[in-house]
Amino acid sequence: MLDSKTRIDVLKEGFKNLKRKYYLNILVIFVTTIIINGGYHFATEGRSISDENAAKIVSTVETVQEETKTVSSGQELSNAEILNELIINLLKALDIEGQESLFDVSPTSEKYYSGVASVFVNEITGSQSFIFGIVNGLNQLLFKGKVANSIIIFVFAALSLLFFYFVKNVITTGKNRYYLEQRRYHGTRAKELLFPYKNKRLKNISWVMFNKYIFQFLWSLTIVGGFIKNYEYSLIPYIITENPEIKRKDAFLISKQLMKGEKWHVFLLDMTMLPLAIISFLTYNLSGVFFSDAYIECVRAELYMRIRDAKKDSLELRLRELLNDDMLDIDHVEETEHPSGIEVLDIPTISIKSTKHDYMRKYGLLSMVQLFFTYALVGWIWEVLFYAMSTGAIVNRGTLHGPWLPIYGCGGVLIMWLLRPFREKPAVLFLTTVGVCGVLEYMTSWILEVIFDQKWWDYTGYFMNINGRVCLEGLLVFGMAGLAFTYLLSPMIDDLYERVPKKIRMIVCIVLVVIFVADVIFSAFVPNVGEGVTSGLV
């Protein structure tokens, strides 16, 4: 079917489709590439496995154990480090560009090496990284006893898996849907990227695409089989785009039958586009960004429709009926959007009105004082426990000597008092909480450093930090905590305190304020410093 004349015609039609909505086509592939690849690389290199590179694997496996037994200090490497070195050397042998850092546990080789967000950024954006995250987590837990590290690793390994399963491995179908529609419908918009998330399609699309990935990965271990199956499975993302309810076995079977006898011809078509990859490499991928990446997607969409149109009738009736979106297969360009019907995003919503407590209340002076000490105490307990889990040592965290961290108390009170006008708008409240707490944390850090020439926290090495005083990770936590404080914790705690006689509450508040002021005065002359407080920070 795909003779040389047809292949040329597919290339020409793909170019026409690209020009029809050039800027939007460029934008769509740019956005999806960032999501799928975890960033847009402006330096590209071929990722195919040559015979020479494949031969390197054998010698790499034989020598990696000798190379990784010791480090410069002469100490034995951990199981995770040995596995890490094995992965790195295998990837080097395969000449897979840029993948080494995905598994490198050395802080000096990563841009961000501290904090939970750094794990998120460094691991989730890498292909298959959740697998090695789990392995490393097991090693930390079973052989090194670092419970806190294991918890963080497992949490973000799970997040990585969820991101891979529900976003990274699925957004391809949204991209395919866009390019299938834009070839015939001039009104197609970028919103089609959300195609998998509409009308309860996500569950089945995620499952089929995950199976495609697993089977492709397993076949790739045979090298030759992986090459063949890559073409045999290539139509699955388009088939499920056309019919999101199709069963996994049927999607695989249809792709197999449609590609029967066409794999070599599709390979030749890919080879005709090889010069585009070379030009992209020579231009640091600029030609890819502004032309070839989108053009290739237009060509592939046209290719699928050509194969579908030519071979659909040769399928058995049951399979033929599963390719049921014939509105994609029209011979002219419509000025309207594809008539896909009413589409609703499958995104659950939670109403703040469902809370049992009055979150719009005005807090009196007694309530504010009690909430201040409550959040200051909770913050102190949290930091002490976190440091203990991370290092096995218990230290008195904070600038003061008492069991409280004023910055947590001040943050909670500011949220309750200053941000009350935004309580009916959770999104605005979240953003303003991030802003208020960010300013509070930055200024507190700066003032303490100016006065005492000490740092009680340092976010250097964290993802998106500002002078080590604040970081994105902490600000997002503050934002979520602000929502919890406003709609749940503060009203609930205040209701509990209201049950206590007012006289007793006043006495308790006065005593706490007196002790706190005394602590502040004492700490001004003898600040709380030392290991785990102003040094050896986690």
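Up top you'll find the structure we're talking about.
What this report covers is the structure whose coordinates are included nearby. It should be emphasised that the depicted structure is a prediction, and the values quoted were computed from it without experimental measurement.

**Digging into the packing of aromatic side chains**
Point 1. Per the counting criterion, the structure on display carries 27 aromatic pairs.
Point 2. Aromatic pair Tyr213 and Phe217: ring centres 6.3 Å apart, planes at 20°, arrangement stacked. With Tyr213 and Phe217 both in helix H9 (residues 202-220) and four residues apart, this pair spans about one turn of that helix.
Point 3. Judged by relative accessible area, which is 36%, Phe217 ranks as partly exposed.
Point 4. Between the NZ or CZ atom of Arg469 and the centre of the ring of Tyr442, over which it lies, the distance is 5.4 Å.

**Thoughts on a nonpolar patch on the surface**
Point 1. There is a patch of nonpolar side chains on the surface, built from Val439, Met443, Trp446, Ile447, Val450 and Ile451 and spanning about 580 Å² of accessible area.
Point 2. Relative to the helices and strands, Val439 resides in helix H19 (residues 426-452).

**Structural notes on the pattern of salt bridges**
Point 1. Scanning the model with the defined rule gives 25 salt bridges in all.
Point 2. Two residues, Lys312 and Asp326, come together in a salt bridge whose shortest N-O distance is 2.9 Å. One end of the pair, Lys312, is in the loop between helix H15 (286-311) and helix H16 (317-322); the other, Asp326, is in the loop between H16 and helix H17 (365-391), with 14 residues separating them in the sequence.
Point 3. Note on Asp326: relative accessible area 43%, which makes it partly exposed.

**Here's the deal with the nonpolar core**
Within soluble globular proteins, side chains that are nonpolar generally end up buried alongside one another.
Point 1. Core analysis: the biggest nonpolar cluster contains 53 residues, and Tyr179, Ile254, Tyr304 and Ile307 have the highest contact counts within it.
Point 2. Ranked by the residues each element gives to this core, the list is headed by H15, at ten residues.
Point 3. Residue contacts for Tyr304: discarding those within four places in its chain leaves Leu180, Leu235, Tyr238, Ile239, Glu242 and Leu323.

**Here we look at the side chain of Arg361**
Point 1. Within the secondary structure, Arg361 is located in the loop between H16 and H17.
Point 2. Given the relative accessible area of 12%, Arg361 is considered buried.
Point 3. Looking at Arg361, its side chain comes within polar contact range of the main-chain oxygen of Pro491, at 3.4 Å.
Point 4. Setting aside chain neighbours within four positions, we find Arg361 in contact with Arg420, Arg423, Pro491, Asp494 and Asp495.

**Some remarks on the packing of helix H18 (residues 406-418) against H19**
Point 1. Packing of H18 against H19 brings their axes to within 10 Å, and their N-to-C directions diverge by 145°. The handedness of the crossing between H18 and H19 comes out as right-handed. On the side of H18, the interface is formed by Ile407, Cys410, Gly411, Leu414, Ile415 and Leu418, while H19 contributes Thr433, Val436, Cys437, Leu440, Glu441 and Thr444.
Point 2. Tallied by class, the residues present in the contact of H18 with H19 amount to eight nonpolar, three polar and one charged.

**Quick notes on helix H12 (residues 248-259)**
Point 1. Taking 1.5 Å of rise per residue, twelve residues should cover 16 Å, and H12 covers 17 Å from first to last C-alpha, within 8% of that figure.
Point 2. Three or more residues of H12 are buried, namely Asp250, Ala251, Phe252, Ile254, Ser255, Leu258 and Met259.
Point 3. The inward-facing, buried residues of H12 abut H9, helix H10 (224-232), helix H11 (236-242), helix H13 (263-272), H15 and H16.
Point 4. Immediately downstream of H12, the backbone of Gly261 shows phi near 85°, a positive value.

Criteria and cut-off values
Residues numbered from 1 in each chain as written. Predicted model: local features only at pLDDT ≥ 70, side-chain atom pairs only at ≥ 80, totals over all residues. Heavy atoms only, no water. Phe/Tyr/Trp six-rings, centres within 6.5 Å; stacked < 30°, edge-to-face > 60°. Helix = DSSP H or I, 4+ residues; strand = E, 2+ residues; numbered from the N terminus. Buried < 20%, exposed > 50% of the residue type's maximum accessible area, 1.4 Å probe, protein only. Lys NZ or Arg CZ within 6 Å of the ring centre and 35° of its normal. Patch = residues over 30% accessible without salt bridge, like charges linked within 9 Å, V, L, I, M, F, W, Y side chains within 5 Å. Areas by Shrake-Rupley, 256 points an atom, 1.4 Å probe, with all protein chains shown as cover. Salt bridge = Lys/Arg side-chain N within 4 Å of Asp/Glu carboxyl O. Core = buried A, V, L, I, M, F, W, Y, C linked by side-chain atoms within 4.5 Å. Contact = heavy atoms within 4.5 Å. Polar contact = N/O pair within 3.5 Å; in protein donor to acceptor, adjacent residues only side chain to side chain. Axes fitted to C-alpha atoms, helices over the stretch in contact; angles between N-to-C directions. Left-handed = near helix turned anticlockwise from the far one by under 90°. Nonpolar A, V, L, I, M, F, W, Y, C, P; charged D, E, K, R; others polar. Expected span 1.5 Å × (residues − 1).

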